Amino acid sequence: MSCDCGIIGLGVMGSNLALNIAEKGFRVAVFNRTYAKTVEFLGTTPLAGRSLFGFEHYQDFVAALTKPRKVLILVQAGAATDATIKSLREHLEPNDIIVDTGNAHFKDQGRRAAELEAGGLRFLGMGISGGEEGARKGPAFFPGGTLSVWEEVRPIVEAAAAKADDGRPCVTMNGKGGAGSCVKMFHNAGEYAILQIWAEVFDVMRHGGMSNNDIAAELQAWKDKGFLTSYMLDITIEVAKAKLHSGNPLSDVVRDKIGSKGTGLWSAQEALEVGVPAPSLNAAVIARQMSMFKDERTQNASCGIRVLPPVSWSFIGADKEAFLCKLYHATKLAIIASYAQMFQCLRELDKVYGFGIHLPSTIATFRAGCILKGFLLTPMTKAFEANPNLSNLLCAFPEALRDGLQAYRDMLSEVTAKTSVSLPVLSASLVYINTMFSSVLMSAQVVSLQRDVFGRHGFERLDEPGSHSHQWPELQ
Ligand code: NBP
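Residues numbered from 1 in each chain as written. Predicted model: local features only at pLDDT ≥ 70, side-chain atom pairs only at ≥ 80, totals over all residues. Heavy atoms only, no water.

Moving on to the packing of aromatic side chains. Summed over all chains, the structure comprises 12 aromatic pairs. Each ring, one from Trp 222 and one from Tyr 328, has its centre 5.2 Å from the other, and the planes form 75°; the classification is edge-to-face. With Trp 222 in helix α9 (residues 212-225) and Tyr 328 in helix α14 (residues 319-353), this residue pair connects regions lying 106 residues apart in the sequence. Judged by its relative accessible area of 1%, Trp 222 is buried. In this structure Tyr 328 comes out as buried when scored by relative accessible area, which is 7%. Here the aromatic residues Phe 31, Tyr 58 and Phe 61 are joined through ring pairs into a cluster of three or more. Lying over the aromatic face of Tyr 328, Lys 225 brings its terminal NZ or CZ to 4.2 Å of the ring centre. Here the guanidinium or amino end of Arg 288 rests over the ring plane of Tyr 192, the centre of that ring lying 3.6 Å away. (Phe/Tyr/Trp six-rings, centres within 6.5 Å; stacked < 30°, edge-to-face > 60°. Helix = DSSP H or I, 4+ residues; strand = E, 2+ residues; numbered from the N terminus. Buried < 20%, exposed > 50% of the residue type's maximum accessible area, 1.4 Å probe, protein only. Lys NZ or Arg CZ within 6 Å of the ring centre and 35° of its normal.)

Pasting the structure below:
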């Protein structure tokens, strides 16, 4: 039968990617733990028996693949992936290639590569982004591992990948070891932050007296300006438009708990571990965690202490336009600041783990197919191409800072003074900008002295070299 590659896992992503690859002219063998799903899948496509072939047993699936075999795994990340690799490897031969596309921690991919390579097999950790539609029409892929392994799967992956406006496929070999999964982890962390920013914008608008229809129209107007055009804005507009049969907004009846599968948390942990400040990414993770405390929040809200002032504040006449303009500037800067943190994290992790990531090439792969796709990715790619040593992405957007920073501050102070709407990522992003653009931090000067008072930790001075200590009075 000689299939070019195999796909294990016919859930949302696997079934759509199998169709995508088969349509590009490759012969694809498919396997799913539950065989009924394989039968059901093949029953939905005219490609069955022509370029898609299903198998019930691993040995038949593996026998259908041309050597060296290339198997893409699209099962649930974590234990299910390890279980799949364990069953599969018994049927493979030295030199065969396993590609895991799950949302894995990059350290797990390093472990898998080492274990498989010790047994003569080859491994690639390759994140994938774009959800169901991306997998079907062209996602972005984030491979990492051994270059020679990438070269062997490259024709298939490049054919299936989304193509950016300049025709380049949205995939590049990100680097050694778990580089690809690291990029995917931080892609997801950026996704957490930016989704939360759009949700906070929605929250402000609703509590500012706008209906869901008004919000959808306003966001559409923002989209039409171009700068913020993106998939994440598009989905937020759809969320604002979605209605129940009654005509009431769907968003009003949705339980306010946000699920997550770990990539945001792992990214925040890794950022803290390597010492890169990422307050927007961290705040997005914490926002999800706080949402999960539904019972406690409900109890707290009924214990008689109101978080004042109450929500429900209305824009006043002509002020509405001015306020929305400030909110627009704030959104722009918060999104750029979130990307800035994501890229600083990748730069540092690249140094620590020796991945060999070429940031402009990696960012270029976010331009289409993936959840982050949008206008901003092009100027961001160009900024790092023009200056790979750019100290911070925000420095490439001086106009946005000049025109928007005061508006951002005004917007946040107005909302926090007049409402109890909480804006974790919009607030954290302003903290990031204020802090990372301050050449002197007075609070850091004071904490340095406090540490010297109680622990004789010493401090450095701006006006003299060396370590200093002060004679403090006895306080205890
Ligand atoms: P689904 O939840 O739709 O499908 C899960 C698949 O995993 C099914 O084929 C299921 O087989 C299989 N599976 C499970 Br669950 N446990 C297994 C086990 N112990 N051994 C073998 N197979 C097992 O997942 P999906 O959304 O298609 O995601 C697949 C991968 O793609 C995940 O690793 C995810 O991180 C990644 N990803 C998903 C998205 C997305 O938007 N959904 C985006 C980017 C990456 P069964 O039919 O027998 O239960």
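With that out of the way, let us pick up the pairing of strand β4 (residues 70-73). Covered by surrounding structure in β4 are Lys 70 and Leu 72 together with Val 71 and Ile 73, the residues of both alternating faces. Here strand β1 (residues 5-8) pairs with β4 via 3 bridges, running parallel. Within the sheet, the bridge partner assigned to Ile 7 lies in β4 and is Leu 72. Bridging between β4 and strand β5 (residues 97-100) involves 4 bridges; their strand directions are parallel. Note on β5: the bridge partner recorded for Lys 70 is Ile 97. Crossover connection from β4 via helix α4 (residues 79-89) to parallel β5: handedness right-handed. (Pairing = 2+ DSSP bridges. Right-handed = clockwise from strand over helix to strand, strands pointing away.)

This paragraph deals with the pairing of β1. Where burial is concerned, the two faces of β1 agree: the one with Cys 5 and Ile 7 and the one with Gly 6 and Ile 8 are both buried. Looking at chain direction, β1 and strand β2 (residues 28-31) are connected through 4 bridges and run parallel. The residue of β2 that forms the bridge with Ile 7 is Val 30. Crossover handedness for the path β1 to helix α1 (residues 12-23) to β2: right-handed.

Every one of the 20 residues lining the ligand counts as a neighbour, but Met 13, Asn 32, Thr 34, Lys 37 and Val 75 are closest to it. One nitrogen or oxygen atom from the side chain of Lys 37 is found 2.7 Å from an oxygen atom belonging to the ligand. When the ligand is considered free in solution it has 910 Å² of accessible area, and contact with the protein chains removes 75% of it. Among the secondary structure elements, those contributing two or more residues to the shell around the ligand are α1 and α4. For the shell around the ligand, the class distribution of residues is 8 nonpolar, 9 polar and 3 charged. (Near = heavy atom within 4 Å. Polar contact = N/O pair within 3.5 Å; in protein donor to acceptor, adjacent residues only side chain to side chain. Areas by Shrake-Rupley, 256 points an atom, 1.4 Å probe, with all protein chains shown as cover. Nonpolar A, V, L, I, M, F, W, Y, C, P; charged D, E, K, R; others polar.)

It is worth spelling out helix α10 (residues 231-241) at this point. Regarding α10, the residues found buried are Met 232, Leu 233, Thr 236, Ile 237 and Ala 240. Down the axis of α10, the buried side of the element spans an arc of 145°, and every buried residue falls inside it. The elements touched by buried residues of α10 are α8 (179-207), α9 and α14. (Arc of directions from axis to C-beta. Contact = heavy atoms within 4.5 Å.)

By secondary structure assignment, the location of Asn 434 is in helix α18 (residues 424-436). Counting along the chain gives 413 residues from Asn 434 to Ile 21, while the straight-line C-alpha distance between them is 47 Å.

A separate point is the pattern of salt bridges. Counted under the stated rule, the structure contains 27 salt bridges. A salt bridge links Asp 96 to Arg 69; its shortest N-O distance comes to 2.8 Å. A residue pair is termed long-range when its members are at least 10 positions apart, and Asp 96 in the loop between α4 and β5 and Arg 69 in the loop between α3 (58-63) and β4 qualify at 27 residues. As far as burial versus exposure is concerned, Asp 96 and Arg 69 are alike and both buried. One salt-bridge network, held together by shared partners, links Asp 82, Asp 100, Asp 108, Arg 111, Arg 112 and Glu 115. (Salt bridge = Lys/Arg side-chain N within 4 Å of Asp/Glu carboxyl O.)

The interhelical angle for the contact between helix α12 (residues 279-292) and α18, taken along N-to-C directions, is 160°, at an axis separation of 8 Å. What the angle tells us is that α12 and α18 run roughly antiparallel. Of the two possible hands of crossing, α12 and α18 adopt the one that is right-handed. Touching Pro 279, Ser 280, Ala 283, Ala 284 and Ala 287 of α12 are Pro 424, Val 425, Ala 428, Ser 429 and Tyr 432, all from α18. Here the contact of α12 with α18 is composed, by residue class, of 8 nonpolar, 2 polar and no charged. (Axes fitted to C-alpha atoms, helices over the stretch in contact; angles between N-to-C directions. Parallel < 35°, antiparallel > 145°, perpendicular 65-115°, else oblique. Left-handed = near helix turned anticlockwise from the far one by under 90°.)

Time to look at unusual backbone geometry. Of note, the bond from Lys 67 into Pro 68 is cis; its omega dihedral lies within 30 degrees of zero at -10°. Even without being a glycine, Asn 95 presents a positive backbone phi close to 90°. Along the chain, Asn 95 turns up in the loop between α4 and β5. Phi at Arg 456 is positive, roughly 50°, even though this residue is not glycine.

Mapped onto the secondary structure, Leu 372 falls in the loop between α15 (359-364) and α16 (377-386). Judged by relative accessible area, which is 1%, Leu 372 ranks as buried. Ignoring sequence-local partners within four residues, the contact set of Leu 372 consists of His 187, Gly 190, Glu 191, Met 232, Tyr 339, Met 342, Phe 366 and Leu 377.

A separate point is the nonpolar core. Counting 91 residues, the largest nonpolar core has Phe 186, Trp 198, Tyr 339, Phe 343, Phe 366 and Tyr 408 as its most contacted members. Looking at which element gives the most residues to this core, the answer is α14, with 17 residues. In terms of nonpolar packing, the next biggest core, distinct from the first, is built from 32 residues, Leu 17, Val 28, Leu 124 and Ala 160 among them. (Core = buried A, V, L, I, M, F, W, Y, C linked by side-chain atoms within 4.5 Å.)

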